[in-house]
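Summary of structural features
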Amino acid sequence: MKLYTTKGSGNGYKVALLLSLLNKAHERIIVDFPGGEHKRKPFTELNPRSQVPVLEDNGRVLWDSSACLAYVARKYGGERWLPSDPGQMGEVLQWVAVALNEIQFGLQYGRGIAQGRRSGSFEECAELGRKGLNVLEARLKNNDWLALGRPTIADVACYPYTARAPQANIALAPYPAVVAWIRRIETLPGYLRLD
Ligand SMILES: N[C@@H](CCC(=O)N[C@@H](CS)C(=O)NCC(=O)O)C(=O)O
């Protein structure tokens, strides 16, 4: 299995984290972003969106971290990380939706602006990011995990850019349940360090 990612990509990291939690060997290929490798062939033939992560497994190519997480969880994780029961699957995926909305367009994009890699309104991103953090905090106040009372791809998807919120100049101190959840994820067997 090959995971195409780049240095510092939280989305690539999510997939690497799940593979590590599952103790699943894979080859990590670093795409040269400064050199623009993701914007030209052959990479654009793997992902027409010119983004990492991309996963290649047994001749199948998948792009977008959520699709990669769902694939790895179902193919190699049994019922544990993304169950096949429709209600349980829905419960997990609603949190993956938070990762793809408030966390990506709020915390991830806000971090990009704060670090000078992206243009746009930092305040608008920060506002959206805080909205996401409030939703996580409300859930995690009374629950150790985002869904099903155990770690699932919901936690994996939401973790990296939430943990990196301080790098986006968004303090986590007002969200103590989120901070405790971050520490909980970091003690899972097979946890892969986030840079
Ligand atoms: N929704 C996508 C977002 C992927 C994404 O934003 N990837 C970034 C790296 S973390 C990227 O490749 N950016 C390059 C670009 O958009 O040109 C996912 O979850 O995979």
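Since this is a predicted model, take the numbers as computed values, not measurements. Sequence order sets the numbering: in each chain, residues are counted from 1 along the sequence as written. Note on the predicted model: pLDDT of at least 70 is required for a residue's local features to be given, and 80 or more for side-chain atom pairs to be given and counted; whole-chain, interface and lining totals, by contrast, use all residues. By convention in this description, side-chain values take in all heavy atoms of the structure and omit both hydrogens and water.

Observations regarding helix H5 (residues 122-140)
Compared with the 27 Å implied by 1.5 Å per residue over 19 residues, the 26 Å span of H5 between its first and last C-alpha is a close match. Taken as a whole, H5 has its buried residues at Cys-125, Ala-126, Gly-129, Gly-132, Leu-133, Leu-136, Glu-137 and Leu-140. The arc enclosing the buried residues of H5, seen along the axis, measures out at 140°, which places them on a common side. Exposed residues lying more than 90 degrees from the buried face of H5 are Glu-124, Glu-127, Lys-131 and Ala-138. In this text, helices come from DSSP runs of H or I with a minimum length of four residues, and strands from runs of E with a minimum of two, each type numbered from the N-terminal end. For a helix, the expected span equals 1.5 Å multiplied by the residue count minus one. Three exposure classes are used, based on accessible area relative to the maximum for each residue type with a 1.4 Å probe and protein chains only: buried under 20%, partly exposed in between, and exposed over 50%. It is the directions from the helix axis to the C-beta atoms that the arc portrays.

Description of the side chain of Glu-102
The residue Glu-102 is located in helix H4 (residues 86-114) in this model. The side chain of Glu-102 is buried and forms no salt bridge, while Lys-131, the nearest opposite charge, is found at 5.6 Å. If we skip the residues at most four places from it in the chain, Glu-102 touches Ala-97, Leu-107, Leu-128, Gly-129 and Gly-132. We treat Lys and Arg as the positive residues and Asp and Glu as the negative residues; His and chain ends play no part in the count. By convention in these notes, a salt bridge is any Lys or Arg side-chain nitrogen within 4 Å of a carboxyl oxygen on Asp or Glu. Throughout, a residue-residue contact means that at least one pair of heavy atoms, one from each residue, lies within 4.5 Å.

Digging into the packing of helix H1 (residues 10-21) against helix H6 (residues 153-163)
Taken N-terminus to C-terminus, the directions of H1 and H6 make an angle of 140°; their axes are 9 Å apart at the nearest point. As judged from the angle between their axes, H1 and H6 are oblique. For the element pair H1 and H6, the recorded crossing hand is right-handed. For the pair H1 and H6, the contacting residues are Gly-10, Asn-11, Tyr-13, Lys-14, Leu-17, Leu-18 and Leu-21 in the first and Ile-153, Val-156, Ala-157, Tyr-159, Pro-160 and Tyr-161 in the second. Partitioning the contact of H1 with H6 into residue classes produces ten nonpolar, two polar and one charged. Between N-to-C directions, angles cover 0 to 180 degrees, with each direction set by a line fitted to C-alpha atoms, over the stretch in contact for helices. Any angle between 65 and 115 degrees counts as roughly perpendicular, while under 35 counts as roughly parallel, over 145 as roughly antiparallel, and the rest as oblique. In this scheme the handedness of a crossing depends on how the near helix is turned from the far one: anticlockwise by less than a right angle means left-handed, clockwise means right-handed. In the scheme used here, Gly and all other residues not listed as nonpolar or charged are polar, with Ala, Val, Leu, Ile, Met, Phe, Trp, Tyr, Cys and Pro taken as nonpolar and Asp, Glu, Lys and Arg as charged.

Some thoughts on the site of the ligand
Here a residue is near a molecule or strand as soon as one of its heavy atoms is found within 4 Å of it. Neighbouring the ligand are 14 residues; Ser-9, Val-52, Asp-64, Ser-65 and Gln-104 lie closest to it. Within the side chain of Ser-65, a nitrogen or oxygen atom sits 2.6 Å from an oxygen atom of the ligand. In protein, a polar contact means a hydrogen-donor-capable atom and an acceptor-capable atom, both N or O and within 3.5 Å, with residues adjacent in sequence counting only if both atoms are side-chain atoms; elsewhere, any N or O pair within 3.5 Å suffices. In the environment of the ligand, an oxygen atom lies 3.2 Å from a nitrogen or oxygen atom belonging to the side chain of Gln-108. About the coverage of the ligand: the protein hides 84% of its 510 Å² of free accessible area. Residues are called lining when one of their atoms sits within 4 Å of a cavity or pocket point, these points coming from a 1 Å grid over the protein atoms alone, where a cavity is a set in which a 1.4 Å probe fits but cannot get out and a pocket is an open set with protein on both sides within 12 Å along at least five of seven lines. Assignment of a molecule to a cavity or pocket requires that more than half of its atoms lie within 2 Å of the corresponding grid points. Here the ligand occupies the largest pocket. Here the element with the most residues in the shell around the ligand is H4; it accounts for three residues. An automatic or database domain assignment provides the domain bounds reported here. Both of domain 1 (2-76) and domain 2 (86-185) provide at least three residues apiece to the shell around the ligand. Only the protein chains shown count as covering a residue, and every accessible area follows the Shrake-Rupley method with a 1.4 Å probe.

Let's talk about the environment of Tyr-191
Turning to its location among the elements, Tyr-191 is positioned in the segment after helix H7 (176-185). Apart from residues lying up to four places away in sequence, Tyr-191 is in contact with Tyr-13, Leu-17, Ser-20, Leu-21, Tyr-159, Ile-185 and Glu-186. Of note is the side chain of Tyr-191, whose polar atom sits 2.4 Å from the side chain of Tyr-159. Within the structure, Tyr-191 has its side chain in polar contact with the backbone nitrogen of Leu-194 (distance 3.4 Å).

Details of the domain arrangement of the protein chain
Taken domain by domain, the protein chain comprises domain 1 (2-76) and domain 2 (86-185). Using C-alpha coordinates to define each centre, domain 1 is positioned 21 Å away from domain 2. At the junction of the two partners, domain 1 supplies 14 residues and domain 2 supplies twelve residues. For any pair of parts, buried area is found by adding up, for both, the accessible area (1.4 Å probe) each one loses once the two are put together. Overall, the association of domain 1 and domain 2 removes approximately 1000 Å² of surface from exposure, summing both partners, and the carbon and sulfur fraction of that is 67%. For the pair domain 1 and domain 2, the number of links is zero salt bridges. For the side of domain 1 that touches domain 2, the secondary-structure elements that each account for two or more residues are H1 and helix H3 (65-76). The dominant element in the side of domain 1 that touches domain 2, judged by the number of residues it contributes, is H1, at seven residues. Here the side of domain 1 that touches domain 2 is built from residues that sort into seven nonpolar, five polar and two charged.

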